[in-house]
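For reference, the chains in residue letters:
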Amino acid sequence: MTVVGVTGATGAMGRAVLESAADRDDVAVAFAVNRDPADDERVAGHAVHDAVALPDLLAEQQPEIVVDFTGPESSIEYAAACAEAGVGFVTGTTGLDDPEQSALREAAEAVPVLWATNFSRGINALRSALTEAVAALPEYDIELTETHHNRKRDAPSGTATTLLDDIDAARDDARQDESGGGTGKRTYGREGEQSRIDGEIGVHVRRAGGVRGEHEVLLADNDEVLTLAHRAESRGVFAAGALDAAGWLAGHEAGWYAFDDVIEGSA
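Fair warning: this is a prediction, and the values are worked out from it, not measured in the lab. (Residues numbered from 1 in each chain as written. Predicted model: local features only at pLDDT ≥ 70, side-chain atom pairs only at ≥ 80, totals over all residues. Heavy atoms only, no water.)

Caption draft 1: Highlighting the pairing of strand β8 (residues 141–148). Across the eight residues of β8, seven count as buried, placing the element largely inside the fold. Here β8 runs beside strand β11 (residues 214–221); their pairing, made up of seven bridges, is antiparallel. From the neighbouring strand, Thr 147 faces β11, where its bridge partner is Glu 214. Bridging between β8 and strand β10 (residues 201–207) involves seven bridges; their strand directions are parallel. Pairing of Thr 147 across the sheet is with Arg 206, part of β10. (Buried < 20%, exposed > 50% of the residue type's maximum accessible area, 1.4 Å probe, protein only. Helix = DSSP H or I, 4+ residues; strand = E, 2+ residues; numbered from the N terminus. Pairing = 2+ DSSP bridges.)

Caption draft 2: Quick look at the pairing of β11. Two strands pair when backbone bridges link them, and β11 and strand β12 (residues 224–231) are joined in this way by eight bridges, in the antiparallel orientation. What sits directly across from Asp 221, in β12, is Glu 224.

Caption draft 3: The arrangement of the nonpolar core in detail. In this structure, Val 4, Val 17, Val 67, Val 90, Leu 114 and Phe 119 are the most contacted members of the largest nonpolar core, which totals 33 residues. For this core, the elements supplying multiple residues, two or more each, are β1 (2–6), α1 (12–22), β2 (27–34), β5 (65–68), α7 (236–249) and α8 (259–266). The dominant element in this core, judged by the number of residues it contributes, is α7, at eight residues. Ignoring sequence-local partners within four residues, the contact set of Val 67 consists of Val 4, Gly 5, Val 6, Thr 7, Val 17, Val 90, Ala 242, Leu 243 and Ala 246. Formed by 20 residues, the second largest nonpolar core is a distinct cluster that contains Leu 54, Leu 58, Cys 82 and Val 87. (Core = buried A, V, L, I, M, F, W, Y, C linked by side-chain atoms within 4.5 Å. Contact = heavy atoms within 4.5 Å.)

Caption draft 4: Structural context of unusual backbone geometry. Each neighbour pair has its own omega, and for Ala 155 with Pro 156 the value is -5 degrees, a cis peptide bond. Note on placement: Pro 156 falls in the loop between β8 and α6 (158–175). Residues other than glycine seldom take positive phi values, yet Asp 40 does so here, at roughly 60 degrees. At Gln 62, a residue that is not glycine, the phi angle is positive and equals roughly 50 degrees. By the element assignment, Gln 62 lies in the loop between α2 (54–61) and β5. Judged by its relative accessible area of 59%, Gln 62 falls in the exposed class.

Caption draft 5: Spatial organisation of the pattern of salt bridges. One pass over the structure, following the stated rule, counts 17 salt bridges. Across the salt bridge formed by Glu 146 and Arg 207, the nearest N and O atoms sit 2.8 Å from each other. Here Glu 146, found in strand β8, pairs with Arg 207, found in strand β10; they are 61 residues apart in sequence, far enough to count as distant. We classify Glu 146 as buried; its relative accessible area is 0%. The shortest N-O distance in the salt bridge between Asp 168 and Arg 186 comes to 2.8 Å. (Salt bridge = Lys/Arg side-chain N within 4 Å of Asp/Glu carboxyl O.)

Caption draft 6: Molecular detail of α2. Those residues of α2 lying buried are Leu 54, Leu 57 and Leu 58. For α2, the angular spread of buried residues about the axis comes to 100 degrees, placing them on one side. Seen from the buried face of α2, the exposed residues on the opposite side, beyond 90 degrees, are Ala 59 and Glu 60. Structurally, α2 contributes buried residues whose contacts are with β2, β4 (46–50), β5 and α3 (72–85). (Arc of directions from axis to C-beta.)

Caption draft 7: Examining the sheet that holds β12 more closely. Strands sit in the order β9-β10-β8-β11-β12 across an open sheet of five strands; the sheet is mixed. Of all the strands in the sheet, the pair left with one neighbour each is β9 (186–188) and β12. Ignoring which end each strand starts from, the neighbouring axes of this sheet average 20 degrees apart. (Axes fitted to C-alpha atoms, helices over the stretch in contact; angles between N-to-C directions.)

Here it is, written out as structure tokens:
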């Protein structure tokens, strides 16, 4: 059994993690924290502590892993606290800028850190299929569309950015262009007269309602269209993946890990 702490406990993903943990026999929750929680607030049966108490809770409860879905500033703060306490850190926080990514990697020098833009096994399969499709069709036009709920802050989503990076890498490999010319210009939306540039990737972001997450990549040329898509119907899929990652990461040495490592390790 893996003992975890959960940050952002009253947020949508924090709640999903705690609810998912309650249905599993291989995970135990040591504590849950959130910034400025309501008095006597509970989620999935767990009391929610103020996040300022995280260092004390890490020392007292000694979880193996902290699971985090918060914001960039909070995530970096929590990662530093875990590094100080010798506790592993799993995070799905997106929207990190370069200095924040560097800070997260710094924590990985002291403890195992696993960061992923998406903890869905379906997205992992989509990435594999996309890489194969782009490698086979390197000259086809590509458009990516992602849709999320109306409260999501970063755009495009972290998952979309990962898919775009996968496309660039697959194109570079397929074209074997040492100059790096395979990397396509990313055009975010279009307006007015804007002819398509050879090799560009169109990126379209939609925010509406309570959509959990939809990603679609369209490849078109030669009088044909290939569409690869994934839709998450519940946040539970991400919560389950994050807890799988926590169980896998427990006991690993300090270092930087990805969800791919979990998939490969459990295959």
